[in-house]
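# Structural characterization, general
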Amino acid sequence: MFPEPYGILPHNGEAAGNAMTAAAGPPATGLEVRHVTAANYEAELDAISALLPHFPIIVFDTEYPGTVHRPPPGRRECDLTPPERYALIKANVDEVPILQLGITLCDADGNLPIFSSSSTGGAAGYYERAWVFTFSDFDVRRDAHAPESVAFLRTHGVDFDAARAQGVSSAAFAARFAGAVLAPARIAATVLAPAARPVTWAAYSGAYDFAYMVKMLCGGRPLPGTWHEFMARARELLGSGGMFDAKYMAEHSGLLATGGLRCVAARLGGLPTLVPEQPFLAGPKSRAACRVYTAMRRHFRELYLGLPLPWHLVFHDHGACFDGLIDGFH
């Protein structure tokens, strides 16, 4: 079990300088997921931007209405070569709109922003926070989708008509995200370097997650033709802080940390209580992916503690070598 980290306690609109430090923070009593639509996406992206200097790791997860392209007959997806796998993902992401984006922020030690109950509206206590953005792009009556995936999402509380009416368009989200979140982070990393840390990105089994993020930030245009072109575009858009897949890291950790996201996250320290209780979709899944990612980074750092002198005295983040290795492509 890894220790539960602490965070800071900002309020929306509160200056970061007035926030309590991690050392002074109390433990969180649960996880609050902020639901974001067209009505509040600008304010929530501004809040995320204000938190990024303290929590420069974005762990994210996506929900989409299934896949409509399959591997060739007689072949499984896991049997495809990396170029074939990318071509399959590209075909699906180009054609099928995104439904949800979950975001969790953390720092290099796994600390999350923690808010008091006065800002969450929940029971007395302190809560970690994640975000889930609902998009309006998908029309279940018109757009390509997998019927079984739509049925699954409906049973887990997704209201497709409400999302269509109240969600934010992916184009509006991407424009605001690029301007309010990515641009200030890139400027800070350039002007204040090395004091400012570039934004790091992480997901769990993240091929589709990174593909949808790149598609949105490219204005909904089709993904690049090849995997290598895709990675170059992703690094151009997402910055120099690194792209990590927590599932790939876990499978190569030697900890036998394999399986589904919820199972692996529970094995590596457990998951916080959702306040209020809700389905395990993009928002809570981004928090679970954050648990796995930070546990893996900590694991690979600690590998060097048992080495002979002088290696155990030198900080070496072996986890950094997983930058760009996305599950399913490698």
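We now turn to the structure provided with this report.

The rules behind these values
Residues numbered from 1 in each chain as written. Predicted model: local features only at pLDDT ≥ 70, side-chain atom pairs only at ≥ 80, totals over all residues. Heavy atoms only, no water. Helix = DSSP H or I, 4+ residues; strand = E, 2+ residues; numbered from the N terminus. Buried < 20%, exposed > 50% of the residue type's maximum accessible area, 1.4 Å probe, protein only. Contact = heavy atoms within 4.5 Å. Areas by Shrake-Rupley, 256 points an atom, 1.4 Å probe, with all protein chains shown as cover. Phe/Tyr/Trp six-rings, centres within 6.5 Å; stacked < 30°, edge-to-face > 60°. Lys NZ or Arg CZ within 6 Å of the ring centre and 35° of its normal. Pairing = 2+ DSSP bridges. Polar contact = N/O pair within 3.5 Å; in protein donor to acceptor, adjacent residues only side chain to side chain.

## So, the overall build of the protein
Of regular secondary structure, the protein possesses eleven helices and seven strands. Within the protein, buried positions represent 52% of all 330 residues. The long-range fraction of contacts in the protein, counting pairs at least 24 apart against all pairs at least 6 apart in sequence, stands at 77%. For the protein, the accessible surface area stands at approximately 14500 Å², while carbon and sulfur atoms represent 58% of it.

## Focus on the environment of Leu268
The topology assignment puts Leu268 in the loop between helix H10 (261–267) and helix H11 (282–302). C-alpha of Leu268 to C-alpha of Tyr293: the two residues are 25 residues apart in sequence and 10.0 Å apart in space.

## Overview of the packing of aromatic side chains
Throughout the structure, instances matching the rule amount to 15 aromatic pairs. Measuring from ring centre to ring centre gives 6.1 Å for Tyr248 and Phe322, while their planes differ by 70°; the resulting arrangement is edge-to-face. A residue pair is termed long-range when its members are at least 10 positions apart, and Tyr248 in helix H9 (residues 246–251) and Phe322 in the segment after H11 qualify at 74 residues. Looking at Phe322, the relative accessible area reads 6%, which means it is buried. Three or more aromatic residues joined by ring pairs make a cluster, and in this case those are Phe60, Phe133, Phe135, Phe173, Phe177, Trp201 and Phe210. Looking at Arg262, its charged tip hangs above the ring of Phe280, at a distance of 4.1 Å from the centre.

## Side note on the pairing of strand S1 (residues 30–36)
With six of its seven residues buried, S1 lies for the most part within the structure. In this sheet, strand S5 (residues 126–134) lies alongside S1 in parallel orientation, the contact comprising seven bridges. Following the sheet pairing, His35 is matched in S5 by Val132.

## Remarks on the side chain of Ser253
Here Ser253 lies in the loop between H9 and H10. A distance of 2.7 Å separates the side chain of Ser253 from the backbone oxygen of Ala250, its partner in a polar contact. The contact partners of Ser253, leaving out residues within four places of it in the chain, are Met296, His299 and Phe300.

Purely spatial values, then, with no claim about function.
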